[in-house]
Amino acid sequence: MANLQQRLPENVPGDFFVDSTCIDCDTCSQLAPGIFRDHGDQCSVYHQPETIDETKLAMMALVACPTGSIGATKKHDAHIGIDAFPLLLDENVYFCGFTSESSFGGWSYLITRPSGEGGNVLIDSPRFATQLVKRFRAMGGINTMLLTHKDDIADHELFRKEFGCVRVMHASDGATRLGFEQVVDGEQAIALDDDLIVIPTPGHTRGHVVFLYRNKFLFTGAHLAWSPRGKTLTAFRSVAWYSWAEQTRSMSKLLAYDFEWVLPGHGDMHRENVNIMREHLQRCISWMKTLD
Ligand code: SF4
């Protein structure tokens, strides 16, 4: 729970606030950009909620925050935020909220499918929160857990124990050592089933992969995200732990695929027409090459 005594001075006066435990993951400013902003090394409230919808967004950010750094001085029904997750994005794809501190607030996603189509899929690990787990169970459990890279595996063991899901990750990020049930290897894209493709994208880490669902939803982990400031796709040079040159090469591989949604673990999500998305991707690759 956020501590009023540690309320950051950057918050505007009023009900909602961020305290000094904020790790600057930007979940709140991405989820509720009309209320929270990144003021430098941390986030704070720059506009107090005035409507029911704004209050709901602030409560969703409070629930999604990995460190419990968001608080309110007035009493609010916590279920306003809790029950909003998983949040439907499009078709049968959801954002899970409930981020985990151990993955630095990385975003995770849920695909719901009938068991005959392979069952539900969790992409990267949210926090193992009781309320979210109950919702997952009510929505059909988790059959498969896809991990984009080793930084965002958070509570994978607890989800495996709860749902018996098959965990999928690349060998170069330690999948074998971690005892994952399905280990991806090499650089070639592999079809996991009729709708899902895993595409190795070394760069952020050596074993980073992205997952493409129905040639529409691209789950990008720490590889690719939308830049609201640049109004185009971007990648994060400062956290290319393995190799920026490799990440640039990996990015070029994605030109061979169609997708409308970029759904990252870190950074902003974005939806665009397939052709325009490809133009953004090409622009991103050209920019990345300038930094080699
Ligand atoms: S979600 Fe929490 S930790 Fe992340 S930036 Fe906001 S207040 Fe900070």
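None of these values were measured; they are calculated from a predicted model. (Residues numbered from 1 in each chain as written. Predicted model: local features only at pLDDT ≥ 70, side-chain atom pairs only at ≥ 80, totals over all residues. Heavy atoms only, no water.)

On to the pattern of salt bridges. Under the definition given, this model contains 13 salt bridges. Notably, a salt bridge pairs Lys 216 with Asp 90, separated by 3.1 Å at the nearest N-O pair. You can see Lys 216 sitting in the loop between β14 (209-213) and β15 (217-221) and its partner Asp 90 sitting in strand β5 (residues 87-90), a full 126 residues away along the chain. Given the relative accessible area of 13%, Asp 90 is considered buried. The salt bridge partner of Arg 278 is Asp 258, with a shortest N-O separation of 2.4 Å. (Salt bridge = Lys/Arg side-chain N within 4 Å of Asp/Glu carboxyl O. Helix = DSSP H or I, 4+ residues; strand = E, 2+ residues; numbered from the N terminus. Buried < 20%, exposed > 50% of the residue type's maximum accessible area, 1.4 Å probe, protein only.)

Applying the stated criterion across every chain yields a total of one cavity of 30 Å³ or more. Of the pockets and cavities examined, the largest cavity occupies roughly 100 Å³. Taken together, 15 residues make up the lining of the largest cavity; nearest its centre are Cys 22, Cys 25, Cys 28, Cys 65 and Ile 70. Looking at the lining of the largest cavity residue by residue, the class counts come to 10 nonpolar, three polar and two charged. (1 Å grid on protein atoms, 1.4 Å probe; cavity = no way out; pocket = protein on both sides within 12 Å on 5 of 7 lines; lining within 4 Å. Points joined across faces, edges and corners; volume = space filled by probe spheres on them. Nonpolar A, V, L, I, M, F, W, Y, C, P; charged D, E, K, R; others polar.)

Relative to the elements of secondary structure, Leu 158 occurs in helix α5 (residues 156-163). The class of Leu 158 is partly exposed, set by a relative accessible area of 39%. Measuring from C-alpha to C-alpha, the distance between Leu 158 and Phe 128 comes to 6.9 Å, with 30 residues separating the pair along the chain.

Moving on, we get to the packing of helix α4 (residues 130-138) against α5. Helix-helix packing is described using two parameters, namely the angle between the two axes and the distance between the axes. Axis separation between α4 and α5 bottoms out at 12 Å; the angle between their running directions is 40 degrees. Between α4 and α5, the angle is such that the two are oblique. Here the hand of the crossing between α4 and α5 comes out right-handed. Every residue of α5 that contacts α4 at Val 133, Phe 136 and Arg 137 is listed here: Phe 159, Glu 162 and Phe 163. (Axes fitted to C-alpha atoms, helices over the stretch in contact; angles between N-to-C directions. Parallel < 35°, antiparallel > 145°, perpendicular 65-115°, else oblique. Left-handed = near helix turned anticlockwise from the far one by under 90°. Contact = heavy atoms within 4.5 Å.)

Before going further, it helps to examine the site of the ligand. Lining the immediate surroundings of the ligand are 14 residues, of which Cys 22, Cys 25, Asp 26, Cys 28 and Cys 65 lie closest. Put simply, the ligand lies in the largest cavity. (Near = heavy atom within 4 Å. Sits in = over half its atoms within 2 Å of the grid points.)

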